[in-house]
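Spelled out from the first residue to the last, the chains are:
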Amino acid sequence: MQLSLYPPEIGLDVHWHKYQTTEYYKLRQSLPIKELAALLPTKQFVQGAPAWFDNEARIALQFLKPYLGCSDEKLLEHINTNFAVQFFLGINLKYNERIKDKNLIWQTRKLVAHHLDISKFQPLLIAHWKPDLRDTRIGLSDATCYESYIKYPTDTKLLWDCCEYLHKTIKWICSEVGLKKPRNKMKDQRVKQSAFNKRKKKTYKLRQRRRRALLYLLNKLLLQYLGVATQADQQKVHITAVLDKYSLDKIACVEKVYEQQRWMHEHPGQYIADRIVSLYKPYLRPIVRGKENKRVEFGAKLNTWQVDGLNFIEHFSFKAFHEGNRLKDGIVFHHQHFGKLRHLGADAIYATNPNRRFCKRFNIGTNFKPKGRKKADKDIRRQEQQLRKLISKQRATVLEGAYGNDKNHYGLRKIKARNEKTEVLWIFFGMMCANAMKIIKRKANAPPHLAKAA
């Protein structure tokens, strides 16, 4: 039984009053939930029980996930037991009512990810936060990589994953259609693969020998799969009746992996474009970062644009790209959403001659190391040098620190999504949740007259 603090006609009670004092309420107020929810399609004439979440709750749930930083199971427990979380989502469970569907969280994430368009969602957030930004004349740009949660890929691991998946698929088809399982050396190769994995030193000759054996095994499994599919057709059972679209796509990916790995084995030392590094995340590509402790990363590469401490996505790709070529697009991005850009801070990789000429053409001051002759006026030279140092310090501390903050506190250290669309959603809402929390702290620390005006 709920205790009523206010008259029933007002619609407020003790829980609502407490909710307004929590950070959940402040986070909800700092987000344009209704505008974002309007971008999702509304279903009409749906049969069955009413949905637990409407579009506003679905959007709010995506911000709640990085804010709490917990698993889907724990998040569902928060929804069932925490009244503040229910108010944040805009739902009101009864005293003895619980959501028992354990798949509800990831199904909601999948639905939102299917309709997520960063070019439409991000401008709404920028327009909502723009009145709280102090100085929009300075822009900072840099690129970062948000890694996916996968085991470190090697050629032998990838080939073995393909062999195991194809072997299980063949067994499943034979059991469903009633065919005799074809013979292969999978059992012997499993023992050899286990012994190979346990070795501390894996020489080049040993890796090549193991790779050659796995290529031979994978080729044999692909031929057996074609033979089993042919036998199933002779019994008037099409392969699409046994395997779903996900399995068929995986088999097509296995065939592509075999072609790539065979070509690389026959042409050692040569580069192959669009190389697959993970069977279960075939959209990932190796991104060479050149860092001291991590030369290659596997995940999404983003060219981010920071304005007054808030990070926004200028370009998103799972393939490697040269961030120096994105500077002009970043300046256009700033002009579209924030107005005139006066000062630009970027890494030395952005300081190409075309970028320098572009900035000079639009009278944009940069932190790039100057080229050519020094200016005769020492005072002007000293002022420009101090300005470059201030912008460089801002880029090195605030922008680089924001990446660490996102990865450590908003679930972006290792993205545990299972497909491309949900991985994009995971990164986008994690970054935007971090921005919303900065807006909340900024309002809390603002002077009284500014906080009252906000």
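Each chain carries its own residue numbering, running from 1 in the direction its sequence is written. pLDDT decides what is reported in this predicted model: residues at 70 or higher carry local features, side-chain atom pairs at 80 or more are listed and counted, and totals for whole chains, interfaces and linings draw on all residues regardless. The side-chain figures draw on all heavy atoms in the structure; neither hydrogens nor water molecules are used.

Visitor: Go over the overall build of the chain with me, naming the residues and quoting the values.
Guide: Secondary structure counts use DSSP, requiring at least four H or I residues in a row for a helix and at least two E residues in a row for a strand, with both numbered from the N terminus. Along the chain, the regular secondary structure elements total 17 helices and 6 strands. On the principal axes, the C-alpha backbone points of the chain span a range of 80 × 80 × 40 Å. Across the 454 residues of the chain, 44% fall into the buried class. Contacts in the chain between residues at least 24 apart in sequence constitute 69% of all its contacts with a sequence separation of at least 6. For the chain, the exposed area adds up to about 26600 Å²; of that, 52% sits on carbon and sulfur atoms. Only four residue types enter the tally: Lys and Arg on the positive side, Asp and Glu on the negative side, with His and both chain ends excluded. Charge positions come from single atoms, namely NZ of Lys, CZ of Arg, CG of Asp or CD of Glu. A gap of 7 Å separates the mean positions of the 86 positive and 42 negative side-chain charges of the chain. Burial classes: relative accessible area under 20% of the type maximum marks a residue as buried, over 50% as exposed, and values in between as partly exposed (1.4 Å probe, protein chains only). In this description, contact between two residues means that some pair of their heavy atoms is separated by no more than 4.5 Å. Working definition of accessibility: Shrake-Rupley area with a 1.4 Å probe, residue cover restricted to the visible protein chains.

Visitor: How would you sum up the packing of aromatic side chains? Please name residues and give values.
Guide: Each Phe, Tyr or Trp ring (for Trp, its six-membered ring) is paired with any other whose centre lies within 6.5 Å, and the angle between the two planes then decides the class: stacked below 30 degrees, edge-to-face above 60, tilted in between. Applying the stated rule across the entire model yields 16 aromatic pairs. Judged by centre distance (5.6 Å) and plane angle (80 degrees), the rings of Tyr-152 and Phe-298 are edge-to-face. Taken as a pair, Tyr-152 in the loop between strand 1 (138-147) and helix 9 (155-177) and Phe-298 in strand 3 (residues 296-307) lie far apart in primary sequence, 146 residues in all. Ring geometry for Phe-428 against Phe-429: centres 5.2 Å apart, planes inclined by 80 degrees, an arrangement best described as edge-to-face. The class for Phe-428 is buried, based on a relative accessible area of 0%. Linked through ring pairs, Trp-16, Tyr-19, Tyr-25, Phe-83 and Phe-87 together constitute an aromatic cluster. Cation over ring: Lys-301 sits above Phe-321, and NZ or CZ is 4.8 Å from the ring centre. To sit over a ring, a charge needs its Lys NZ or Arg CZ within 6 Å of the ring centre and within 35 degrees of the ring normal.

Visitor: Please give an account of the environment of Leu-217 that cites residues and values.
Guide: By secondary structure assignment, the location of Leu-217 is in helix 11 (residues 204-234). Each C-alpha atom, one on Leu-217 and one on Leu-159, is 9.3 Å from the other, the two residues being 58 residues apart in sequence. Those residues within four positions of Leu-217 in sequence are excluded, and the remaining contacts are Trp-160, Cys-163, Met-186 and Gln-189.

Visitor: Residue-level account of the nonpolar core, with values.
Guide: The term nonpolar core refers to a set of buried residues drawn from Ala, Val, Leu, Ile, Met, Phe, Trp, Tyr and Cys, joined through side-chain atoms within 4.5 Å. The biggest cluster of nonpolar side chains holds 88 residues, and the ones touching the most others in it are Phe-63 and Leu-89. The leading source of residues in this core is helix 16 (residues 420-444), at 14 residues. Contacts of Phe-63, omitting those with residues within four sequence positions, involve Leu-31, Ile-33, Leu-36, Leu-125, Phe-429, Met-432 and Cys-433. In this structure, Cys-162, Met-186, Leu-218 and Leu-279 belong to the second largest nonpolar core, which totals 33 residues.

Visitor: Give a detailed account of the side chain of Gln-224, specifying residues and quantitative values.
Guide: Mapped onto the fold, Gln-224 is located in helix 11. In this structure, Gln-224 is in contact with Ile-170, Pro-182, Arg-183 and Asn-184, ignoring residues within four places of it in sequence.

Visitor: Describe helix 4 (residues 55-68), listing the residues and the values that go with them.
Guide: Along its 14 residues, helix 4 runs 20 Å from first to last C-alpha, staying within 8% of the 20 Å computed at 1.5 Å per residue. Counting buried positions along helix 4 yields 12 of 14 residues, so the element is predominantly enclosed. Among the residues making up helix 4, those that are buried are Asn-55, Ala-57, Arg-58, Ile-59, Ala-60, Leu-61, Gln-62, Phe-63, Leu-64, Lys-65, Pro-66 and Tyr-67. Following helix 4 by one or two positions, Gly-69 has its phi on the positive side, about 65 degrees. Under the convention used throughout, the expected extent of a helix is 1.5 Å for every residue step, that is, one less than its residue count.

Visitor: I'd like to hear about empty space enclosed by the protein, residue by residue, with values.
Guide: The way it works is a 1 Å grid over only the protein atoms, where trapped points that fit a 1.4 Å probe form a cavity and open points with protein on both sides within 12 Å along at least five of seven lines form a pocket, and then any residue with an atom within 4 Å of a point lines it. Grid points are joined across faces, edges and corners, and a volume is the space filled by probe spheres set on the points. By the definition in use, this model includes 1 cavity of 30 Å³ or more. What the largest cavity holds in volume is close to 40 Å³. What lines the largest cavity is simply Leu-61, Gln-62, Lys-65, Leu-75, Ile-105 and Arg-109. Per element, the largest residue contribution to the lining of the largest cavity is 3 residues, and it comes from helix 4. For this classification, the nonpolar set comprises Ala, Val, Leu, Ile, Met, Phe, Trp, Tyr, Cys and Pro, the charged set comprises Asp, Glu, Lys and Arg, and every other residue, Gly included, is treated as polar. When grouped by side-chain class, the residues that make up the lining of the largest cavity number 3 nonpolar, 1 polar and 2 charged.

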